[in-house]
Structure formats: structure tokens, C-alpha cells
Amino acid sequence: MTSELKVSGSLQNRLMFTLISGAAVLGIILFFIVRGYAAQIAQNGQDDILEASLSSILDAVVIQDGSVEVDFPYASLSMLDTELDDRVFYSIYNDGILISGYEDLPLPEKINTEISIFNTIKYKDTNARIASAKRILIGEKERITISVSIAQTQDALSRTLNRISKNVALFGSGFFILVTLLSYWATATTISPLMRLASSVTKRGPQDLSPFEKKVPSEMYPLVTSLNKLMTRLDLSLKQSEDFIAEAAHRVRTPLATVRSYADATLQRVTKKENRDALRSMVRAIDEASRAASQLLDHAMITFRSDNLQKEPINLNDLVQNLIDNLAPIAEMKDIELKFKQEDKIELFGDFILIQNAIRNLIDNALKYSPYEGIITVSIGTSPISFLEIHDQGPGFPPKDLDNLTMRFTRGQNSNGIVGSGLGLTIAKDVANAHGAKLQLSNHEKGGACVTLLF
Amino acid sequence: MRNFIILIFILITSSLSANEWEDKKVFSNGKNTNSLSILSSTDTSFFAPIIKSFLDKYPDIKIEYFVTGTASLDEIFRKSPEKYDIIISSAMDLQLKLVNDGYAKKINQIDHPNWAKWRQSLFAFTIEPAAIVLNKKAFKNIAIPKTRQDLIKELRSRSTFFRNKIGTYDVRKSGLGYLFATQDARTSETFWRLMEVMGGLGTKLYCCSGDMIDDLVSGKIAVAYNVLGSYAEARKKKSDEIEIILPADFPTNMMRTALVSNSSSRVKTSETFIRHLLNTQTEKNNDKTHSLPPLFLKPGQQTIILEPALMTYLDKLKRKTFIKEWERAIIQ
């Protein structure tokens, strides 16, 4: 009946995926920015010390007795001591000629007088940061240019950077996990009104067509409004058709009773056999019609009461006993024995009239299909769960129809010649559903139909 | 002619290969599967106990022990770093520069206090003071000087007695002497005053602590300045001729250090030796039979710090200036 709806993705997953991938991208960007920034700061720190060392060496340059002396202080190199004992290299050039230090340490060509220039170089198989500057001294005869380069390896720096990277990575992962949790929470919260609506629609009984009145988010407002309108229309049209049927049945019943009494009276008077036969079949047809009308009324009543159950404690044993007593005269007409097996006492909480109606319809059915001098057994028990079982010795249900028999106006294939409207089982099933009970149809191994109500 | 050239070549090569060692000794238990060659400035008698205890533990190793002065040690090693596995020297500055220049191997699995190592390559294993050592007879009835100031006063007041009876390192020849002198000069101006006074009295210059102590014991000199305290201590045990003073104004303490050559082909064995050396030289394990003092800083005691600044006075220009000034003071 319901066509298969195609599912394309999930709103929550889509939302979460967007949020999480956003967080991942953000985390990675954050990592590189912070790391880059930290690297710059650390490098600036090293550069500052190199520059201080450089200027302390340049400051120590003097011309004494015509020759250059560079009596740089102990602190020039002492300040370059690091936690990881980085190596230190330097070179001092006088007008381009090495006068002290490491001869293979590169000296940049363009050195400004005042400003030190910095470079990262590969020296002695390791990365080193090199700072260079020069100073011009004016001697008695000539101008002398002293250029100094000082280099330091970057062990301590890279350890600091690694430490920072590790911390930033940790921080980034933490951030990512937090965002993931948050996005899960956020999507769950966002999607929850939708889920609530969906589950409340699912949970509703088939007859519940009342509008949704709980508050909904503005985005869902149009959907729920349309849904409510649809339901109201559906409810209205259903009610109208039920009303129509009930009204029609009601209107037909009274004239039928009149026609039947006339037919009975006429039957007393006519003597001709064929006339009497015609009248008898007329009476039977009238009976059938009025029975159908009253079942239609019953059904309408049940539909109405299902929405507004008037629950009260019911003693099922008494209820069934009463029904059997009432139906006993009809049973006697067919010489049918009505047995009542009470294995246990069952107390129910439900709508008395509905339950009585349902069980009467079931016993009624059994009487109709039961053969003359047959036995109908009504059993009540609680093991394994509370149940009521009606078992006759009739032809049983046609196996093909077992699933459809409870639908309105559906009758079994073997019902020919038996008065009925096809509403009896529908009524019983509706009542069972309204009470959260279950109606089971089956055929007994030794023949006969078996109807079970499981409470 | 050709023969003559070959002869010269042979002479040159043989003189290069056969360094003039102060001492050379091979330690072995007979069955050698491994060998180690140690280039050291430490006298054999001081280092032999450590080698012997090592051989007790690892009997299949042969150790060649070469002794030379600190300055020539640096030169020899730089020329052929692949010939020697372990370098031991008291000249901390030269050792540190060797590491800085990439001659030493990093040994990562050694746990050693931070102040006693550099770049996980240079490991200190003793703390030894620079001492003023006196001949007792020369100071028989006089108060013994406790500081450099006291010594200056004493030398000045008895200048005729002390003339030509003072000794110290020739800082041009000895790496350790140069280290002591530069550290003294860095710490206090008193050093230069002392040098001037000593220079005025005609000071004898020595290559090594051992020679200085010999002359002190024999009475050739009465005062020696900046002698290795550990060597003097060892000699004092044998003959009570000398008095050792650790100057109270500012003591200078040096650390003897060891490194493994980066070009060594026997790294594993070398590392084992270094580990053994550092282990025997801890205060706990260093028993009295060992002549070298342990690596132990008494509370308040300071030592020359292992830092790049040690290379300051190794700078060509700085060295030239320092030596010039030193010569001006001491050789008058």
C-alpha cells in the first residue's frame, strides 16, 4: 500500500560532516599559523643574541700601533651558551682578509655598516643561523673595514620549536575533539524537534488524526502546518463517511423492522407453498440487511469510542458468562453446545461496551459457521499471557484469506449462504487495537476456526 | 740524488708517524680481540688504575695509551683524528673547540650531570684545582701565604731570596697553563700584578706540572704558581717537602675531559670505555687507590664552565694579544 520512500543522506550527518571538516581545516590552519608565529619569535630571540654578540665583537675592534686588535670580551661567546650546547662559529675579516676565526664560514657580500644581516646556512653538516655586520675604522693613514660573521647551530631552537609544535598539535587535536563533540551535540539538538515530530507521528494510532499542537521551530512551521491541514481534512472526510454510514444504517434499520413485521404477518396468512417460500427468503434477506445495519452502527460506535475510551475494571469471566447466557437461545436453535472453559480469572481495565461488543461478534461468528450439533469452546487463561480463545467446529478460515479477513467488508470464500456483513472481525480487531491487545486468527489442527484475543 | 730525496722523504714520514711521546704504553691481558687507542695528556701513572680496572672487566681489549702535552695533543689529533679513539685532556678549552669543530662523537646513552658535559660529546671526569705549591724549607719561619696578594707581598719582601726561584707554566707551550692563566686574568687583575712581580724576579717557565714539582722537591725553586693540585697531592704523599695552597681569594678549578673521536672505527668499545671511566670517577666509586680526584663539586666550589666562551682566548687575535701582554709581564 505505502510506496517505498527513497532516502538520500541524513541531515544530521551532513551537518556534522560540514562542521567537523570545517573544524579540521581550522585546526590545521591554526597549527601552522601558531607554529609559524612561534618559529618567528624563537628565531628573533636567537637573532637578537647573535646581534648582541656581534656588536660586542665589533665594539672591541681597535687600531693599536697601526695594527688591528680585536680583544672581544668573554661574554661575546658566553651569551651564546644554550641549553643544548649549540656550536658557535665566527670569522673576523679585515678588508676581506680573514684575520681570525673559521675561514670557511661564509661572509655575505653585501653587509651594511649598522644593520646586521641574518641568514640560515648549512655549515659543517648542520643548520646554522649566521649574523654578519661590519664596522669602518679610521686609522692615521687609511680606512679599515672590519667584517664579522657569527654563526650558531639551531639545536636548542629546533627543540623549542618541536616542543611548541607538539603542544600546538595537542591543543589543535583537543580543539578538534571538542568541536566534534560540540557539533554532535549541536546537530542532535537541531535535529531533535524533527525526530520528535517523526516519532510522535509514528506513535499515533491509525485513528488519531488530531493536529500537532506542540511548539515547533520556525523552519518546521510550514511543514507541520501543512501536515495539520492535511490531517484535519482527512479526519473530516473520514468522520463524514462514518457519519454517513451510521446515519444510513440507522435510517434503514427502522423501516426494515417494519417491513419484517409485515412480512411475518403476511406469512401467517398465505398458504400457498411458493408464496410462503418467497416470503421466507424475504424475511431472511431482511434479517441479513438489519444485521448488517446494526453491525455498521456498532462499527461506527467503536470507531467513535476508540478515540475516547471509557476505561473501567472489567471481570472478563463474568462478561463472557453473561454473553454465553444471552446467546444460548440462538445456539439451541442449531443444537450447538456452548462450552466455557475458565482456567483462570482475568481482570481487565478497558471499555466494557467495546469489549463486550467485540466478544459477542466473535461468538456470533462462531455460531454462524458452526455446524448443527457442533461444539463451541470459549476458553480463558493466563498462561503464558492472558488470552481468550473461541474455537468452533466449522470449516475454519480459508488459509489464503487469513491476513485480509479483518479488513472491512471482507468475507471468507466459504461464507456463501451464511448471513454476515464482513464487519464482525473488523470490529473485534479495532477493539483489540484500541486496548493494545492482539487478535489472532488460526485454524485448529482437528478442524474448526480458532480466534484468540491476547491481552 | 734520487736516493737522497728518498732518504729525506723517509725521514719526514718517520718523524711524522713517530711523534715524540712523553710516554707510550700498551695495556693488554694477552688475548686481544679488540683494541683502543687513547690520546691523553694525563700521566700514565695517574691513568693506569682506570685502564687496569677496565681491563679487569673487559679482558679481551688491548689499550694503547699515548701521552703528550695538551697543546701538542690538540695538534696531533687534528692532524689525524682517525688514529685515536679517545681523547683525554685537561685543557678544557681545546677539548671544547674540538667538539665545536665536529671532531667528537655524540654518545646519547650516557647519563651525566649537565654541568659536566657539553653537547653530549665531551664528558668531564675530574675536578682538579690549580694550586700554589711551596717548598716547605723556603717558608720555614714565615707565615704561609694564603692568597695571591699574600704571595705578592712575600715575594716583594724577600726579593733577593726568591730571585730565580719561582716557576710557572709557559703558557705558550702548555694548553693547560694557558687555560689557567686566561681564566685567572679573566677573574682578577691580581693575576697581572703577580705576573709582573714574578717576571721581575726571573721566573722559570715549565711545560708541565710534573717538572715543576720535581724542581720544587729538589729545592731548585721555592714557589710554583698554577700547578695541577692533583699531581702535587700525589707527590706530597711520597715526600713531605712541599706545601699545597689553594688560593683563598679565588680558586681556579679545572675539569679533565674525555671525548670519542668522530672518525673512530671502534665506537662501541670507546663508548664502553667512556662509560667505565665516568662510572669509576663518581664520588661514590672513586676509591683512594685511584690517583685522579673524582668528579665532585664541594658545596660552594666552582669550576671553569664548559661553554662556548672557552673558545674566546683560543681566538688567534686574542691569543696574540694575551701572549704579548704575558710576555711583557713575565719576560722582562
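Up top is the structure.
In this convention, every chain numbers its residues from 1, walking through the sequence in written order. Ligands are numbered from 1 and chains lettered from A, in the order in which they are written. Local features are withheld for residues below a pLDDT of 70 in this predicted model, meaning they are given only at 70 or higher, and side-chain atom pairs are given and counted only at 80 or more; totals for whole chains, interfaces and linings count all residues. Side-chain figures throughout are based on the complete set of non-hydrogen atoms in the structure, without hydrogens or water.

Peer 1: I'd like to hear about the overall build of chain A, residue by residue, with values.
Peer 2: For the purposes of this entry, the term helix denotes a DSSP run of H or I that reaches at least four residues, the term strand denotes a run of E that reaches at least two, and both are numbered from the N terminus. Looking only at helices and strands, chain A has eight helices and 14 strands in total. Radius of gyration: over C-alpha atoms. The globule rule applied is 2.2 Å multiplied by the number of residues raised to the 0.38 power. The C-alpha atoms of chain A give 50 Å as radius of gyration, which overshoots the globular expectation for 455 residues (23 Å, by more than 25%). Overall, chain A is about 165 × 45 × 40 Å in size when its C-alpha atoms are taken along their principal axes. Across the 455 residues in chain A, those meeting the buried criterion constitute 39%. Contacts were defined at the residue level, with two residues in contact if any of their heavy atoms lie within 4.5 Å. In chain A, of all internal contacts separated by at least 6 residues, the share reaching a separation of at least 24 is 64%. What sets the accessible areas is the Shrake-Rupley method with a 1.4 Å probe; for residues, cover comes only from the shown protein chains. Approximately 27,000 Å² of chain A is accessible, and the part contributed by carbon and sulfur atoms is 57%. If you average the places of the 47 positive and of the 53 negative side-chain charges in chain A, the two averages end up 12 Å apart. Here's how the labels work: a residue is buried when its accessible area is under 20% of the maximum for its type, exposed when over 50%, partly exposed in between, all with a 1.4 Å probe on protein chains only. We count Lys and Arg on the positive side and Asp and Glu on the negative side, and we leave His and both chain ends out. Every charge is mapped to an atom, namely NZ of Lys, CZ of Arg, CG of Asp or CD of Glu.

Peer 1: How would you sum up the interface of chain A and chain B? Please name residues and give values.
Peer 2: The interface of chain A with chain B comprises 25 residues on the first partner and 24 residues on the second. Both faces combined, the contact of chain A with chain B buries some 2,100 Å², and carbon together with sulfur accounts for 47% of it. If you sort the residues of chain A by the area they bury against chain B, Y74, D85 and R87 of chain A come out on top, with a joint share of 34%. Only one rule defines a salt bridge in this text: a Lys or Arg side-chain nitrogen within 4 Å of an Asp or Glu carboxyl oxygen. Counting the contacts that link chain A with chain B gives three salt bridges. For the salt bridge of R119 of chain B with D155 of chain A, the shortest nitrogen-to-oxygen distance reads 3.0 Å. What qualifies as a polar contact is a pair of N or O atoms within 3.5 Å, subject to a donor-acceptor requirement within protein and to the restriction that residues adjacent in sequence count only when both atoms come from side chains. On the surface where chain A and chain B come into contact, there are 16 residue pairs in polar contact (both at pLDDT 80 or more). For the side of chain A that touches chain B, the elements supplying multiple residues, two or more each, are β2 (67-70), α2 (75-78), β3 (88-94) and β4 (97-101) of chain A. Element by element, the count of residues in the side of chain A that touches chain B is highest for β3 of chain A, at four residues. For the side of chain A that touches chain B, the residue count by class is 13 nonpolar, four polar and eight charged. Buried area: the sum, over both parts, of the accessible surface (1.4 Å probe) that disappears when the two are put together. Polar here means any residue other than Ala, Val, Leu, Ile, Met, Phe, Trp, Tyr, Cys and Pro, which are nonpolar, and Asp, Glu, Lys and Arg, which are charged; Gly is therefore polar.

Peer 1: Mind laying out the packing of helix α1 (residues 11-59) of chain A against helix α3 (residues 155-203) of chain A, listing which residues take part and the relevant values?
Peer 2: Residue and element names in this part refer to chain A. Between the N-to-C directions of two axes lies an angle of 0 to 180 degrees, each axis being a line fitted to C-alpha atoms and, for a helix, fitted only over the stretch in contact. For the pair α1 and α3, the least separation of the axes is 8 Å and the interaxial angle reads 160°. If you check the angle between α1 and α3, you find them roughly antiparallel. By crossing handedness, the relation of α1 to α3 is classed as right-handed. Of the residues contributing to the contact of α1 with α3, the split by class is 27 nonpolar, nine polar and one charged. Every angle not falling under 35 degrees, over 145, or within 65 to 115 is termed oblique; those three ranges are roughly parallel, roughly antiparallel and roughly perpendicular. Left-handed describes a crossing whose near helix is turned anticlockwise from the far helix by less than a right angle; the clockwise case is right-handed.

Peer 1: Tell me about the packing of aromatic side chains, residues and numbers included.
Peer 2: The description of an aromatic ring pair uses the distance of the two centres, along with the angle that the planes make with each other. To pair, rings of Phe, Tyr and Trp, with the six-membered ring standing in for Trp, must have centres within 6.5 Å; the planes then decide the type, stacked if under 30 degrees apart, edge-to-face if over 60, and tilted in the middle. Taken as a whole and assessed by the stated rule, the structure comprises 22 aromatic pairs over all chains. Consider the rings of F46 of chain B and Y231 of chain B, whose centres lie 4.3 Å apart with planes at 10°: the pair is stacked. Of this pair, F46 of chain B sits in helix α2 (residues 44-57) while Y231 of chain B sits in helix α10 (residues 229-238), placing them 185 residues apart in sequence. You'll find F46 of chain B and Y231 of chain B in the same group, each marked buried. Through pairs of rings, three or more aromatic residues link up here, namely Y74 of chain A together with Y178, F191, W192, Y313 and F322 of chain B. Two conditions define a charge sitting above a ring: the NZ of Lys or the CZ of Arg must be within 6 Å of the ring centre, and it must be within 35 degrees of the ring normal. Across from the ring centre of Y372 of chain A, 5.7 Å away, lies the NZ or CZ of K334 of chain A, which sits over that ring. The ring of Y313 of chain B is capped by K318 of chain B, whose NZ or CZ atom sits 4.7 Å from the centre of that ring.

Peer 1: Describe the state of the cysteines, listing the residues and the values that go with them.
Peer 2: Residue and element names in this part refer to chain B. Cysteine sulfurs are considered disulfide-paired once they come within 2.5 Å of each other. Taken as a whole, this structure holds one disulfide over all chains when the rule is applied. There is a disulfide in this structure between C207 and C208, and the S-S distance comes to 2.2 Å. Measuring handedness by torsion sign, the sulfur bridge of C207 and C208 sits at about -80° and is left-handed. Residue classification places C207 among the partly exposed residues on the basis of a relative accessible area of 38%. By relative accessible area, which is 19% here, C208 ends up buried.

Peer 1: Outline the pairing of strand β8 (residues 166-169) of chain B, supporting the account with residue identities and numerical values.
Peer 2: Residue and element names in this part refer to chain B. Here, a strand pair is defined by DSSP locating no fewer than two bridges between the strands. Direction of pairing for β8 relative to strand β10 (residues 223-228): parallel, over a ladder of three bridges. For G167, the partnering residue across the bridge sits in β10 and is A224. For β8 and strand β9 (residues 203-206), the ladder comprises four bridges, and the chain directions are parallel. Its bridge partner lying in β9, Y169 is registered against Y206.

Peer 1: Quick rundown of a nonpolar patch on the surface? Include the residues and the values.
Peer 2: A cluster of nonpolar side chains, namely V25, I29, L30, I33, V34 and F171 of chain A, defines an oily patch on the protein surface of about 530 Å² accessible area. Relative to the helices and strands, V25 of chain A resides in helix α1. Put simply, a patch holds well-exposed residues, over 30% relative accessible area, that have no salt bridge, with like charges counted together within 9 Å and Val, Leu, Ile, Met, Phe, Trp or Tyr side chains within 5 Å.

Peer 1: Quick rundown of unusual backbone geometry? Include the residues and the values.
Peer 2: Positive phi is not limited to glycine here, since E373 of chain A has a value of about 60°. Tracing the sequence through the fold places E373 of chain A in the loop between α7 (352-369) and β11 (375-381). A positive phi angle, close to 55°, is found at Q120 of chain B, a residue other than glycine. Position of Q120 of chain B relative to the elements: it lies in the loop between β5 (117-118) and β6 (122-124). Among the residues examined, Q120 of chain B registers a relative accessible area of 15% and is labelled buried.

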